[in-house]
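Letter by letter, the chains look like this.
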Amino acid sequence: LASPRQRQGFIEAAEQSGNADLRARLPALLTDADPTVRLLALKWAADERIEAVRGEVEKLLGDSSLTPAVFYGALTTLGRLDSEEVKESELVGRLKEQIAKPGVPDRLKRMALEIMTERERNLPARELPQMEDPVFREWQLRVLGTLQEKGRLDALRAVAWNDREPPAVRAAALAYVDVTT
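Report follows, based on the coordinates. Keep in mind it's a predicted model, so treat the numbers as computed, not measured.

Scanning the protein from N- to C-terminus turns up eleven helices and zero strands. In sequence order, the secondary structure elements of the protein are arranged as α-α-α-α-α-α-α-α-α-α-α. For 181 residues, the compact-globule estimate of 2.2 N^0.38 gives 16 Å, and the protein exceeds it by more than 25% at 20 Å. Along the three orthogonal principal directions, the C-alpha set of the protein runs to about 70 × 35 × 25 Å. Taking contacts inside the protein between residues at least 6 apart in sequence as the whole, the part at least 24 apart equals 53%. With the model as given, the accessible surface of the protein reaches about 9800 Å², and the carbon-plus-sulfur share is 52%. The averaged location of the 30 negative side-chain charges in the protein is 2 Å from the averaged location of its 27 positive side-chain charges.

Tracing the backbone shows Leu 42 in helix H3 (residues 35-48). Exposure remark for Leu 42: the relative accessible area of 1% places this residue in the buried category. Leu 42 sits 32 residues away from Ala 74 along the chain, and the two C-alpha atoms are 6.4 Å apart. Contact partners of Leu 42, with chain neighbours within four places excluded, come to Leu 30, Val 57, Leu 60, Val 70, Gly 73, Ala 74 and Thr 77.

What follows concerns unusual backbone geometry. Backbone geometry places Arg 49, a non-glycine residue, at a positive phi of 50 degrees. Mapped onto the secondary structure, Arg 49 falls in the loop between H3 and helix H4 (54-60).

This brings us to the pattern of salt bridges. Per the stated rule, a full pass over the model turns up eleven salt bridges. Of the charged contacts in the structure, one is a salt bridge between Asp 32 and Arg 7, with a shortest N-O distance of 2.5 Å. Within this pair, whereas Asp 32 is found in the loop between helix H2 (26-30) and H3, its partner Arg 7 is found in helix H1 (residues 4-17), the two being separated by 25 residues in sequence. Residue classification places Arg 7 among the buried positions, given a relative accessible area of 13%. Residues Asp 82 and Arg 54 are paired through a salt bridge, measuring 2.6 Å at the closest nitrogen-oxygen approach.

The rules behind each value
- Each chain has its residues counted from 1, following the order in which its sequence is written.
- In keeping with the model being predicted, local features are shown solely for residues with a pLDDT of at least 70 and side-chain atom pairs are shown and tallied solely at 80 or more, while totals for entire chains, interfaces and linings include all residues.
- Computation of side-chain values covers all heavy atoms of the structure but excludes hydrogens and water.
- Strands are runs of DSSP state E lasting at least 2 residues, helices are runs of H or I lasting at least 4, and numbering of each runs from the N terminus.
- Radius of gyration here is computed from C-alpha atoms only, and the compact-globule reference equals 2.2 Å multiplied by the residue count raised to the power 0.38.
- Contact between two residues is taken to exist if any of their heavy atoms lie within 4.5 Å; hydrogens are not considered.
- Only the protein chains shown count as cover for residues, and all accessible areas are computed by the Shrake-Rupley method using a 1.4 Å probe.
- Under the counting rule used here, the positive set is Lys and Arg, the negative set is Asp and Glu, and His together with the chain ends is not counted.
- Just so you know, the charge point we use is NZ for Lys, CZ for Arg, CG for Asp and CD for Glu.
- Working definition: with a 1.4 Å probe on protein chains only, accessible area under 20% of the residue-type maximum means buried, over 50% means exposed, and in between means partly exposed.
- Here, a salt bridge means any Lys or Arg side-chain nitrogen found within 4 Å of an Asp or Glu carboxyl oxygen.

Now the structure itself:
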């Protein structure tokens, strides 16, 4: 089907029809260029508990071009494949797994942190992901600066006074450090 709207309509019709032969197109729809098509394909997989596409859904979580909605949709789909009812705490656990997993691109770690609410984001400083890209490190240090966790100040001071860190990263850490203490 040529247009994203046609593919979106196909997914809705295929899901309602219950036709097992139409499920064969689901893996291709999960990798569609259109985020709405991907999201509808994830919904279909989750609603019908289509275990056969678990591998494709897991691969999506490594795609740094995902939108936040598709990223969260993929996590939700995996949760629905694992259990009848997905609890918010389980999804937060999955987000934290993505943050801690080695090799996950910084962009996806940031997305996972942004999806979490303020309460859920109050991670101990030692649990925050290590981000290599200076732009993401600046953002990460700004998140760390807003946390109420005691260990955050030590972590921020370590970055602020580390002359091997880029100046913008050091400045981001310094913004939350009381230099008089």
